[in-house]
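Coordinate inspection notes
These are the residues of each chain, in order.
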Amino acid sequence: MKTIKLYRWRNILVNVLFVACCLLIVAYLVTEDWKDPNWTLMASVALNAIFVSYQKFRYRNLTLELFEDQIVFRPLNSREKQKIEVSGTSEFSKDWKGIYVRNEKQVDKIPLEYMGRKEGNQLFSEIKGFYDAQ
């Protein structure tokens, strides 16, 4: 079994934004004149914190697990995991939309939504390398 983390750069970016947002909230709470608070700024900071928190939890635990006989992953816009059966005769191909696994007459797709070309190529080479080694 091999586990590959997906969306590494986006996850790092969201974590940096989350830390920056937390620092802004702390700075706002410390420096605000509470006798006459700026409610618009307070609402803006709160909405930004909610948005960044939503993004942080959206990219959490997005992994692709490679087993000897199947690939298990959770797409970005789904809550359920998907399974793709893999056999010794499976063929792998890639385009800008996703990675395709062909088993006899059935074709399954691992979507590469919001993933850069470099990260998609790296994911394809890791998948192909794992199953070529077996």
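Definitions and limits used
- Residues numbered from 1 in each chain as written.
- Predicted model: local features only at pLDDT ≥ 70, side-chain atom pairs only at ≥ 80, totals over all residues.
- Heavy atoms only, no water.
- Salt bridge = Lys/Arg side-chain N within 4 Å of Asp/Glu carboxyl O.
- Helix = DSSP H or I, 4+ residues; strand = E, 2+ residues; numbered from the N terminus.
- Buried < 20%, exposed > 50% of the residue type's maximum accessible area, 1.4 Å probe, protein only.
- Pairing = 2+ DSSP bridges.
- Axes fitted to C-alpha atoms, helices over the stretch in contact; angles between N-to-C directions.
- Contact = heavy atoms within 4.5 Å.
- Disulfide = S-S within 2.5 Å.
- Parallel < 35°, antiparallel > 145°, perpendicular 65-115°, else oblique.
- Left-handed = near helix turned anticlockwise from the far one by under 90°.

**Things to note about the pattern of salt bridges**
Taken as a whole and judged by the stated rule, the model has 3 salt bridges. Across the salt bridge formed by lysine 2 and glutamate 126, the nearest N and O atoms sit 3.8 Å from each other. With a gap of 124 residues between them, lysine 2 in strand E1 (residues 2–5) and glutamate 126 in helix H3 (residues 117–132) connect regions that are remote in the sequence. What makes lysine 2 partly exposed here is its relative accessible area of 31%. Salt-bridge contacts for glutamate 126 lead to arginine 8; the nearest nitrogen and oxygen are separated by 3.9 Å. With glutamate 126 in helix H3 and arginine 8 in helix H1 (residues 8–31), the pair connects residues that are 118 residues apart, well separated along the chain. It is possible to trace a salt-bridge network through shared partners that takes in Lys2, Arg8 and Glu126.

**A word on unusual backbone geometry**
Notably, tyrosine 7 is not glycine yet its phi reads approximately 55°, a positive angle. Tracing the backbone shows tyrosine 7 in the loop between E1 and H1. The class of tyrosine 7 is buried, set by a relative accessible area of 4%. At tyrosine 114, a residue that is not glycine, the phi angle is positive and equals roughly 60°. Owing to a relative accessible area of 48%, tyrosine 114 belongs among the partly exposed residues under this scheme.

**Some remarks on the sheet that holds E1**
Strand order in this open sheet of 4 strands is E1-E2-E3-E4, and the pairing throughout is antiparallel. Two strands in the sheet have a free side with no partner beyond their single neighbour: E1 and strand E4 (82–85). Each strand of the sheet is rotated relative to its neighbour by a mean of 15°, with strand direction disregarded. Two strands pair when backbone bridges link them, and strand E3 (residues 70–73) and E4 are joined in this way by 4 bridges, in the antiparallel orientation. Bridged to isoleucine 71 within E4 is isoleucine 84. In this fold H3 packs onto E1, strand E2 (63–66) and E3, with an angle of close to 15° to the strand it touches most, E2.

**Points about the state of the cysteines**
The term disulfide refers to a covalent linkage connecting the sulfur atoms of a pair of cysteines. Applying the stated criterion to the full structure yields 0 disulfides. No disulfide involves cysteine 21; its nearest neighbouring cysteine sulfur is the one of cysteine 22, lying 6.1 Å away. Residue classification places cysteine 21 among the buried residues on the basis of a relative accessible area of 10%.

**Regarding the side chain of glutamine 70**
Summarising the element assignment, glutamine 70 is placed in strand E3. When sequence neighbours within four positions are dropped, the list of residues in contact with glutamine 70 reads Glu65, Lys83, Ile84, Glu85, Val86 and Tyr131.

**Comments concerning the packing of H1 against helix H2 (residues 39–58)**
Between H1 and H2, the least distance of the axes is 9 Å, while the angle of their chain directions is 155°. By the angle between their axes, H1 is roughly antiparallel relative to H2. Two packed elements cross with a definite hand, and for H1 against H2 that hand is left-handed. Along the contact surface, H1 presents Val14, Asn15, Leu17, Phe18, Cys21, Ile25 and Tyr28, while H2 presents Leu41, Met42, Val45, Asn48, Ala49, Val52, Ser53, Gln55 and Lys56.

It is worth stressing that arrangement in space is one thing and function is another; only the former is reported here.
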